Amino acid sequence: MFSWGEDSQGGFRLKDGSYAAGTTGDGVHFVDFHITDLSAGLSVLAFVKSNGNAFIIRTNESKDGRRARGKQKFVICKEKIQAVSCGDDMVTLLSETGRVLCVGSVHTSSIPRTPEALCNISVSHVACGSQHSVALTKDGQVYTWGQDSRGQLGLGKRKLGTDSPQHLRALSAIPLVQVAAGGEQSFALSVSGGVFGWGRNDCGQLGLRDTTDRQTPTLVHHLNMKKTIYISCGKDHTAILTKDGVVFTFGSGQYGQLGHNSFSDELRPRLVAELWGAKVIKIACGRHHTLVMTDAKKLYSFGCGDHGQLGHGEESHPSVPLPVQLPQDATDVPQIWNIYAGGNCSFATCSSNEEVHEGSNSDSLNNVTQHCVDNMIDKWTSEHNSKTWKKIKQEIKRTFSSASCMNQSFLERRNDKHFLTSQKFSGLRLSVARLAFQKLVKKDDVWAEVEAAVTQLIPSLDEKPVGVEGLRIYLLLFQLLDVIQKHKQSTELAEAVAAAVVKLSADNLQVIVDWWSSLSPSTMVQYVKVWKKTLSTILSTSPVPCNSGVKNLLLVLQYMYNANNRTAGCQRIPEKTFCLGINEAFLQEDLKVWRSVSKNKPLILCRFPFVMDLKSKIIAFNIDANWTQRKHQKLVWTIFGWFPQTSPHFFELRLKRASLLDGTFTQLAAADHSALKKPLVVYFDEDLKVTDVYKRDFFHHLFCNMVSANSGMFMFNDSKTLAWFPSKATEKDKKNLFLFGVLCGLALYNQSIIHLPFPLVLFKKLLDVQPSLEDMLEFSPCVGKSLQQILVYEDDVLENLYMDFLIDWDGTEVDLDPQNPKRPLTSQNKKEFVDAYVNHAFNTSVEGVFQEFRRGFFQVCDRDMVKLFQPSELQGVLVGQDVYDWAKLKQNTVYDLGYHVGHPSILAFWEVFDELTEDQKKDFLWFLTGFRRAPILGMDHIQMTIRVKQVQDSSRDQLFPESLTCHSILDLPLYSTKEIMRNKLTEALIPERGFLE
């Protein structure tokens, strides 16, 4: 090997039994000495020979301050040694079996001992700082011990130190491949290139852009996605090697050890530009110098050269990488294999041509704790005897009770994609994980061990993992739960995972939300179903447990719902994916809690309405409306049922058909607002019969008259198909629009479908959802498309249009930017223009009148109950839908009073019905139910009953069919011919016939 620097050859026993003479500062020397590992500290050097024997050489200091190495001493150990690491005066050794052995300073026992805490733990890597040690176990856990003067143990609260290794739990979920230590700083490297540092940082040696010490591991953000594969530390500087052969350095630059042609400190990782173009494959840091090796086997060094440790000969530019001057007669020496730097000296080992190793610093590390997942799981699930089963159980426990092991078992290693792990990309290959889990659940005994291990793992998960890699475990647990649910009905594991998720900090939750947002829609749907199924199982029990477990499940679904809302349209899954059909009895109990004076909060209503399907929301709204109606009626319960204590029992409107609109507005304006909460009853023309027929007729004809161009209350789009609020309104108009809002609220409150040809934006505004360009496209496709075009126009096209911020809306010229009159439209402000246009149309121009409408609407309806709905749902409940399944209507029809499905009159009726035009069929629906549009929940919710209308035989052909709309009953006479039936039915369907007569 080559050696140079302080007492460079001293202490080594040569083949002939003699000891090499120590030299300092007189160049690089070749020593005929073979080693497999070497480490040097301030006062001690240790090395390992190819036979596994380890030796220690201590540096002695004379009274006059001169330092010289003593002779090498054999370390007595029954096991073969694999690696060594030196502090200032202590040595830590690692055996081939993973056992840690410590040798103290010259003043303590030279017999190696294993720390008690590590006696039964297999270790893969060790590193020493000046007075502390760090160990990485084979299952990815970190232990630290020694002095803790600057937080170098990473345990949080700074202490004097400890001789007993302490588990560093902060890194337990991250798959690590290396640990490193310098003077009083420590580092850990993840398999995906994440660099975590802690300890002393007065010179920026942690690379965190400041000089503040860290008591716990902290991610070096500047090195994210740089593909770091190795870390080396000096006393107060740090060097990083990437997979692409690039070197970054940071920390103290006092001696030029950073290689940036300066002697300044660097507080964050900086690329060593002088090495650009050369692919570096090895790095090593001494106390105040740095050594690198390229793939061409060239050595470069920089930093302190006071003891000749740079090997530059006569050159004196310590702050830039310069070649190490190997002996001139070294041309016949075998190629350089590895490099080492420590204390004030440097070493380069050689091998024969047949033994040349073409790897980098990471070679030995990348083979540590790497799982061949498929082979391992195949072994677990194959036939086994009791002896092999015991070993398999140990492997399963080691893998699935460790977040670190699970984490690295399913990384996306193709094209090194896992190195790109970030807040936007998890670095996992979830499809591989899914296949692996599917194999596991097929073997009951194997799955039982996996479940036990995962159950043990979940409570140990850190609430504040360091870096995003520690969060991968949650995606894997979600994938595992999805596979489990297809084979086993159980909620315990899902509840435990949910409890762990909700304990995470807001920042960490945001990372998981971002990862969910990047998943494929199919995967997202799978995850949502996991939590829905668990929640559905729990909600189906009686009574439903109102505990934190249910709340946690709902919160996880809330996080996923939020993630979905942030996803681009094509990737977003339908909102109904999150919905559950919820038991009516549970909704009643939840409403009772909500409406009670207690401090208990409901499980679902108001807090998590997105999990309620539309049917559940409608049921909840109607239950609450019925309770409110009873409350305002002041009903009391008797053995005969509910009876009102006060009179009147209803909110009564006494109207004349001929003056329907004026009469309605007059009576509403005079009504006590509290009376609006009572059930609505409508009387026509002195007829005091209480019937839902009149109420439905009232809403149908009133809204058809009110929301028409003839009423003059509203503006309409160009096609006259959609109405909107006027931008010019008098005080009388505002009062009428307040009453219009009351009427819309009464319709919803009294479960009536109305004719309300308004765009969706009306319902968005009621629910405090901001209008968008899509709303303009619905209301005025021509204007909407023009605005879309403006957004995509190039600069030159916009310039040739000569447009400004002046628009015409509702017959009035409007300047969208009054502070800058006639402001020209440009590519820089085009989005601002479009947003301002939409805002003016749906907000600014109608602010006053809409607030009156809104005030009237919520005078009747409870604001919180209305907010259960999404805008499109609220529109559908109030307006119905223009989707008709006439076959479903026929399928659901029942027959009474002599009729049956095969009766000749019934056969004739359906023949006549099938021959009706689509508009006539809609008129029939209005005739039957009082509503011309289908319910939002579909035709399934209409069950028509057809019964014989009892009349004298001689007059039956003269009568019209009649309906009882509140019960969807059709009274159909026994007509003598199909033709007579057709004529009477179609005449009965004339919309105005029954109302005006």
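Residues numbered from 1 in each chain as written. Predicted model: local features only at pLDDT ≥ 70, side-chain atom pairs only at ≥ 80, totals over all residues. Heavy atoms only, no water.

**Some points on the packing of aromatic side chains**
Let me state the cut-off plainly: Centre distance within 6.5 Å is the pairing criterion for rings of Phe, Tyr and Trp, where only the six-membered ring of Trp is used; planes under 30 degrees apart are then read as stacked, over 60 as edge-to-face, and the remainder as tilted. Under the DSSP-based scheme used, a helix requires at least four consecutive residues in state H or I and a strand at least two consecutive residues in state E, with every element numbered from the N terminus. With a 1.4 Å probe rolled over the protein chains alone, any residue whose accessible area is under 20% of its type maximum counts as buried; one over 50% counts as exposed, and the rest are partly exposed.
The final tally for this structure, using the stated rule, is 45 aromatic pairs. Judged by centre distance (5.4 Å) and plane angle (85°), the rings of Trp-724 and Phe-842 are edge-to-face. Of this pair, Trp-724 sits in strand β34 (residues 723–724) while Phe-842 sits in helix α21 (residues 830–842), and the two are 118 residues apart along the sequence. Residue classification places Phe-842 among the buried residues on the basis of a relative accessible area of 0%.

**Observations concerning the pattern of salt bridges**
For the record, the criterion: Throughout this description, the term salt bridge denotes a Lys or Arg side-chain nitrogen within 4 Å of a carboxyl oxygen of Asp or Glu.
Following the criterion strictly, the structure yields 44 salt bridges and no others. The residue Glu-873 makes a salt bridge to Lys-617 at a minimum N-O spacing of 2.7 Å. With a gap of 256 residues between them, Glu-873 in helix α24 (residues 871–879) and Lys-617 in helix α13 (residues 614–633) connect regions that are remote in the sequence. Here Glu-873 matches Lys-617 in class, with each residue buried. Across the pair Arg-854 and Asp-768 runs a salt bridge, and its minimum N-O distance is 2.8 Å. Of this pair, Arg-854 sits in helix α22 (residues 847–860) while Asp-768 sits in the loop between α17 (761–766) and α18 (773–779); the two residues are 86 residues apart in sequence, bridging distant segments of the chain.

**Comments concerning the pairing of strand β20 (residues 237–242)**
Formally: At least two DSSP bridges between two strands are needed for those strands to be called paired.
For β20, a buried count of 6 out of 6 residues is recorded, marking the element as mostly surrounded by other parts of the structure. Here strand β19 (residues 228–233) folds back onto β20, and the loop between the two strands holds 3 residues. Bridge count for β20 against strand β21 (residues 247–251) is 5 bridges, and the pairing is antiparallel. Its bridge partner being in β21, Thr-238 is matched across the sheet by Phe-250. Here β20 folds back onto β21, and the loop between the two strands holds 4 residues, one of which, Gly-245, carries a positive phi near 85°.

**Here's the deal with the sheet that holds strand β14 (residues 161–167)**
Quick reminder of the rule: Axis definition: a line fitted to C-alpha atoms, over the contacting stretch in the case of helices. Angles run 0 to 180 degrees between N-to-C directions.
Ordered by their spatial adjacency, 4 strands build an open sheet running β11-β12-β13-β14, and the pairing between neighbours is antiparallel. The open sheet has two free edges, formed respectively by β11 (123–128) and β14, since each of these has just one partner strand. Ignoring which end each strand starts from, the neighbouring axes of this sheet average 10° apart. In terms of strand pairing, strand β13 (residues 142–147) meets β14 through 4 bridges, oriented antiparallel. Paired with Gly-146 across the bridge in β14 is Thr-162.

**Digging into the sheet that holds strand β40 (residues 969–972)**
Spatially, β37-β38-β40-β39 is the arrangement adopted by the 4 strands of the open sheet, whose pairing is mixed. In this open sheet, the two strands that pair with only one neighbour each are β37 (894–896) and β39 (962–964). Here the strands of the sheet are splayed against their neighbours by 25° on average, with no regard to which way each runs. By the bridge criterion, 3 bridges tie β37 to strand β38 (residues 945–948) in an arrangement that is parallel. Bridging across to β38, Tyr-895 finds its partner in Ile-946.

**Quick look at the layout of surface pockets**
Convention followed: Residues are called lining when one of their atoms sits within 4 Å of a cavity or pocket point, these points coming from a 1 Å grid over the protein atoms alone, where a cavity is a set in which a 1.4 Å probe fits but cannot get out and a pocket is an open set with protein on both sides within 12 Å along at least five of seven lines. Grid points are joined across faces, edges and corners, and a volume is the space filled by probe spheres set on the points. Nonpolar residues are Ala, Val, Leu, Ile, Met, Phe, Trp, Tyr, Cys and Pro. Charged residues are Asp, Glu, Lys and Arg, and all others, Gly as well, are polar.
Counted as a void, the second largest pocket has a volume near 1100 Å³. Looking at the lining of the second largest pocket, the elements with two or more residues in it are α13, β32 (680–684), α15 (692–706), α16 (731–749), α24 and α27 (918–929). In terms of residue class, the lining of the second largest pocket is made up of 22 nonpolar, 13 polar and 5 charged.

**Structural notes on empty space enclosed by the protein**
Enumeration over the complete set of coordinates arrives at 5 cavities of 30 Å³ or more. Space inside the largest cavity adds up to approximately 100 Å³. In terms of lining, the largest cavity is formed by 14 residues, of which the most central are Glu-6, Thr-59, Arg-67, Arg-69 and Cys-345. Of all elements in the fold, only β4 (44–48) and β6 (67–69) reach the threshold of two or more residues within the lining of the largest cavity. When residues of the lining of the largest cavity are assigned to their parent elements, the largest contribution, 3 residues, is made by β6. Tallied by class, residues from the lining of the largest cavity come to 6 nonpolar, 4 polar and 4 charged. The calculated volume of the second largest cavity comes to roughly 70 Å³. Lining the second largest cavity we find Glu-451, Leu-481, Ile-484, Gln-485, Lys-488, Ser-490, Thr-491, Glu-492, Leu-493 and Ala-494.

**A closer look at the nonpolar core**
Generally speaking, nonpolar side chains in soluble globular proteins are found buried as a group. Rule in force here: Think of a nonpolar core as a cluster: buried Ala, Val, Leu, Ile, Met, Phe, Trp, Tyr and Cys residues, connected wherever their side-chain atoms sit within 4.5 Å. Residue contacts follow a heavy-atom distance rule, with two residues in contact if any of their heavy atoms lie within 4.5 Å.
Counting 193 residues, the largest nonpolar core has Trp-516, Trp-531, Phe-698, Phe-725, Phe-740 and Leu-756 as the members making the most contacts within it. Ranked by residues supplied to this core, first place goes to α16 with 11 residues. Excluding residues that lie within four positions of it along the chain, Leu-756 makes contacts with Phe-703, Val-707, Phe-740, Cys-744, Leu-762, Phe-763, Leu-878 and Val-879. Core analysis: the second largest hydrophobic core is formed by 29 residues, Leu-928, Ile-942, Ala-988 and Leu-989 among them.

**Re the environment of Leu-907**
By the element assignment, Leu-907 lies in helix α26 (residues 904–915). Separated by 71 residues in sequence, Leu-907 and Lys-978 have C-alpha atoms that sit 9.5 Å apart. Those residues within four positions of Leu-907 in sequence are excluded, and the remaining contacts are Val-901 and Gly-902.

**Some details on unusual backbone geometry**
Even without glycine at this site, Asn-261 takes up a positive phi of about 60°. Within the element layout of this structure, Asn-261 appears in the loop between β21 and β22 (266–271). Under the relative-accessibility criterion, Asn-261 is labelled exposed at 54%. Positive phi, normally seen in glycine, also occurs at Asp-416, with a value near 55°.

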